[in-house]
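What follows is the residue order along each chain.
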Amino acid sequence: GAQGIGRAVVQSLMQSRAQVAVVDLNRSCGDQCKSELDSEFGADCSIFLQCDVTDADALTAAFQTTVDRFGHLDIVINNAGINEKNWEKTIQVNLTSVIKGTYLGLEHMSKEYGKGGGSIINVSSMAAFLHSPHQPVYTATKHGVIGFSRAMADASSLGGYGVRINVLCPAFVDTPLLLSVEHEDNMGKFVKFKDDFKKSMNHFGVLKPSLIADGMMMLITDDTIHGAVMKITCSKGIHFHTYEPMST
Ligand SMILES: NC(=O)c1ccc[n+]([C@@H]2O[C@H](COP(=O)([O-])OP(=O)(O)OC[C@H]3O[C@@H](n4cnc5c(N)ncnc54)[C@H](O)[C@@H]3O)[C@@H](O)[C@H]2O)c1
Ligand SMILES: CCCCC[C@H](O)CC\C=C/C=C/C=C/[C@@H](O)[C@@H](O)CCCC(=O)O
């Protein structure tokens, strides 16, 4: 992502000397992000690829271009997300593209395909734990991201893929997406609940994107974390959801 949480994560990755492909639908935002990265880190360390993640062929090509440019792939972050107005599009961006991005990540990183392993992080939301009347389909997609990622993490363990798969669930974060709750264009008919949404935001507080980047870097660098669901909230900071073990 070229803005919001994605932009903060790119900054942290590049500060850690990673080479990064920024994939985003928004060309002007992507061009601006690329020019900022070039000034700070040099032009060879990043590429910007304009891509609609719901276009399966374009997403496949974006992965291939990245591997062609940098030689291999180690980390995939499926971060693109939109709000509620067009519910079918919301599912395509927030869930279908995360699944597609995970499968493409495995094609390029899994030991099953003779590759060297890696790490995939799928971005969900605290909305998956505290459902909200303002975003029913958004909430459903974020539940879906957690279920899919945990099951895939188990598949990766059983199949010896060598790819860690984790989920990151932020509470409210100060990004352009948060401002979208004011607009019918993004929220559809649920925009009429915007005052209630803002009340909830005031109650829970709003996080800085840099804290989400810190959580993301922990998931990337700690190779003991696999199949985990990280939550980031104002009240508890960076922490992990705990699940009951499956009973027999
Ligand atoms: N901001 C929050 O409060 C918050 C809280 C919890 C989870 N999240 C999740 O974090 C992720 C990032 O959100 P953000 O707040 O940074 O949002 P944002 O709107 O600031 O950034 C999202 C980026 O995704 C891009 N994008 C949207 N549709 C796309 C598409 N079809 N193809 C390619 N790129 C596309 C946008 O151009 C944008 O640059 C989302 O998955 C969101 O659901 C956000
Ligand atoms: C308008 C789109 C922007 C996206 C909005 C987010 O995706 C929705 C975030 C929703 C809820 C956030 C709740 C936060 C709660 C916490 O601060 C905390 O108190 C909950 C404690 C639960 C826990 O930590 O286990």
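Just so you know, these numbers come straight off a predicted model, no measurement behind them.

S.K.: Kindly report on the environment of Tyr113, identifying the contributing residues and their values.
M.R.: The topology assignment puts Tyr113 in the loop between α4 (87-109) and β4 (118-123). A C-alpha to C-alpha distance of 32 Å links Tyr113 and Ala128, two positions 15 residues apart in sequence. Not counting residues within four places of it along the chain, the set of residues in contact with Tyr113 comprises Leu106 and Glu107.

S.K.: I'd love a proper account of the site of ligand 1, names of residues and values included.
M.R.: Surrounding ligand 1, one finds 27 residues, the nearest of these being Asp24, Asn79, Tyr138, Val173 and Thr175. In the model, a nitrogen atom of ligand 1 is placed 2.9 Å from a nitrogen or oxygen of the Val53 main chain. Within the contact set of ligand 1, an oxygen atom lies 2.7 Å away from a backbone nitrogen or oxygen of Val173. Considering ligand 1 on its own, with 820 Å² of exposed area, one finds that the protein chains cover 94% of that surface. Contributions of two or more residues to the shell around ligand 1 are made by α1 (4-15), α5 (136-159) and α6 (176-179). Take the shell around ligand 1: its biggest share by element is three residues, from α6.

S.K.: Residues and numbers for the site of ligand 2, please.
M.R.: Surveying the vicinity of ligand 2 reveals 19 residues, the closest of which are Ser125, Tyr138, Val181, Lys231 and His239. Within the side chain of His239, a nitrogen or oxygen atom sits 2.8 Å from an oxygen atom of ligand 2. Burial of ligand 2 by the protein chains amounts to 87% of its free accessible area of 670 Å². The residue makeup of the shell around ligand 2, split by class, is eleven nonpolar, six polar and two charged.

S.K.: Please give an account of the side chain of Ser46 that cites residues and values.
M.R.: Along the chain, Ser46 turns up in strand β2 (residues 46-50). Classification of Ser46 as buried rests on a relative accessible area of 1%. Not counting the four nearest positions on each side in its chain, Ser46 is found in contact with Met14, Val20, Lys34, Leu37, Asp38 and Phe70.

S.K.: Describe the packing of α1 against helix α2 (residues 27-41), with residues and values.
M.R.: Remark: α1 packs on α2, axes separated minimally by 12 Å, with the N-to-C direction vectors making an angle of 20°. By the angle class used here, α1 and α2 are roughly parallel. As for how α1 packs across α2, the hand of that crossing is right-handed. Residues Arg7, Val10, Gln11, Met14 and Gln15 of α1 form the contact with α2, whose participating residues are Cys33, Glu36, Leu37, Glu40 and Phe41.

Analysis parameters
Residues numbered from 1 in each chain as written. Chains lettered and ligands numbered in written order. Predicted model: local features only at pLDDT ≥ 70, side-chain atom pairs only at ≥ 80, totals over all residues. Heavy atoms only, no water. Helix = DSSP H or I, 4+ residues; strand = E, 2+ residues; numbered from the N terminus. Contact = heavy atoms within 4.5 Å. Near = heavy atom within 4 Å. Polar contact = N/O pair within 3.5 Å; in protein donor to acceptor, adjacent residues only side chain to side chain. Areas by Shrake-Rupley, 256 points an atom, 1.4 Å probe, with all protein chains shown as cover. Nonpolar A, V, L, I, M, F, W, Y, C, P; charged D, E, K, R; others polar. Buried < 20%, exposed > 50% of the residue type's maximum accessible area, 1.4 Å probe, protein only. Axes fitted to C-alpha atoms, helices over the stretch in contact; angles between N-to-C directions. Parallel < 35°, antiparallel > 145°, perpendicular 65-115°, else oblique. Left-handed = near helix turned anticlockwise from the far one by under 90°.

Scope: geometric values only; no functional claims are made or implied.
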